[in-house]
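What follows is each chain in one-letter form.
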Amino acid sequence: MAKNYAVMNLGTFQQDLAVKGRVMAGADLGLTGCEISFNHTPAGQFTPFVHTHKLNEEVYIVIAGKGAFMVDGEEFAIREGSVIRVAPAGERAIKAGPDGLTHICIQAQAGSLTQATRDDGVISESKASWMKEA
Ligand code: ZN
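K.L.:
Which parts of the structure should I look at to understand the overall build of the protein chain?
P.N.:
Assigned secondary structure in the protein chain consists of 3 helices and 6 strands. Reading the helices (α) and strands (β) of the protein chain from amino to carboxyl end gives α-β-α-β-β-β-β-β-α. Across its three principal axes, the protein chain shows a C-alpha extent of roughly 55 × 35 × 25 Å. Counting over 134 residues, the protein chain shows a buried share of 30%. Once local pairs closer than 6 in sequence are excluded, the contacts in the protein chain between residues at least 24 apart make up 61%. Accessible area for the protein chain stands at about 9600 Å²; split by element, carbon and sulfur atoms hold 53% of it. For the protein chain, the centre of its 12 positive side-chain charges and the centre of its 15 negative side-chain charges are spaced 4 Å apart.

K.L.:
What exactly am I supposed to notice about the coordination of the zinc ion here?
P.N.:
Tetrahedral metal sites with four donors have an ideal angle of 109.5 degrees; octahedral sites with six donors have ideal angles of 90 or 180 degrees. Protein coordination of the zinc ion is provided by H51 (NE2), H53 (NE2), E58 (OE) and E58 (OE), with donor distances spanning 2.0 to 2.6 Å. Taken together, the 4 donor atoms surrounding the zinc ion define angles of 53 to 149° at the centre, an arrangement classified as irregular. In terms of primary sequence, the donors binding the zinc ion are separated according to H-x1-H-x4-E. The class for E58 is buried, based on a relative accessible area of 4%.

K.L.:
Would you take a moment to explain the packing of aromatic side chains for this structure?
P.N.:
Within a pair of aromatic rings, the relevant descriptors are the distance that separates the centres and the angle that separates the planes. Counted under the stated rule, the structure contains 3 aromatic pairs. Each ring, one from F13 and one from F38, has its centre 6.0 Å from the other, and the planes form 25°; the classification is stacked. On the criterion of sequence distance, the pair formed by F13 in the segment before α1 (16–20) and F38 in strand β2 (residues 35–41) is long-range, its members being 25 residues apart. Relative accessible area serves as the criterion here: at 12%, F38 is assigned to the buried category. Through pairs of rings, three or more aromatic residues link up here, namely Y60, F69 and F76.

K.L.:
How do you make sense of the pairing of strand β4 (residues 74–79) when you look at a structure like this?
P.N.:
Successive side chains on a regular strand alternate, one facing one side of the sheet and the next facing the other. Two elements, strand β3 (residues 56–71) and β4, share 6 bridges in a ladder whose sense is antiparallel. If you follow K66 over to β4, its bridge partner there is R79. Hairpin connection, β3 to β4: the antiparallel pair is bridged by 2 residues, and D72 has positive phi, about 50°.

K.L.:
Which parts of the structure should I look at to understand the pattern of salt bridges?
P.N.:
Any two side chains of opposite charge can pair, on the condition that their charged atoms come close. Taken as a whole and judged by the stated rule, the model has 2 salt bridges. A salt bridge links R92 to E58; its shortest N-O distance comes to 2.7 Å. Note that R92 is positioned in strand β6 (residues 92–109) and E58 in strand β3, a separation of 34 residues in sequence. Neither R92 nor E58 differs from the other in exposure class; each is buried.

Basis of the calculations
- Residues numbered from 1 in each chain as written.
- Predicted model: local features only at pLDDT ≥ 70, side-chain atom pairs only at ≥ 80, totals over all residues.
- Heavy atoms only, no water.
- Helix = DSSP H or I, 4+ residues; strand = E, 2+ residues; numbered from the N terminus.
- Buried < 20%, exposed > 50% of the residue type's maximum accessible area, 1.4 Å probe, protein only.
- Contact = heavy atoms within 4.5 Å.
- Areas by Shrake-Rupley, 256 points an atom, 1.4 Å probe, with all protein chains shown as cover.
- Lys, Arg positive; Asp, Glu negative; His and termini not counted.
- Charge placed at Lys NZ, Arg CZ, Asp CG, Glu CD.
- Donors = N, O, S within 2.8 Å, 3.2 Å for Na, K, Ca; no water.
- Tetrahedral: all angles 85-135°; square planar, octahedral: opposite > 155°, others 65-115°.
- Phe/Tyr/Trp six-rings, centres within 6.5 Å; stacked < 30°, edge-to-face > 60°.
- Pairing = 2+ DSSP bridges.
- Salt bridge = Lys/Arg side-chain N within 4 Å of Asp/Glu carboxyl O.

Geometry only, nothing functional implied.
Here's what the structure looks like:
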């Protein structure tokens, strides 16, 4: 029977991810409803094209560094803690600042989420070892 989970270890975002540049997690984790990429853009570098998507919205989560983001010609500064959602049709581009930029990008089909955690979660009877009384 297939396990109900998958684990991958990326190493440290600051060192290991900087070497790899980009790691797509979808295939390794067996994702079926979204794609997740982990990205490190070296200082001053940028993706050399503007792009849109056919079906997917994207959420960019900056986890280290600073940089610039552009959507539909509007440019703005981003930094650790910035979270940007871009609709499929949004023409987007990203650039790292002088210290580089590390971000997570999650893409999922726009409009596909029919319910979120509060309605979808179901509390189980099972206990994790740390929940059991001594
Ligand atoms: Zn994209």
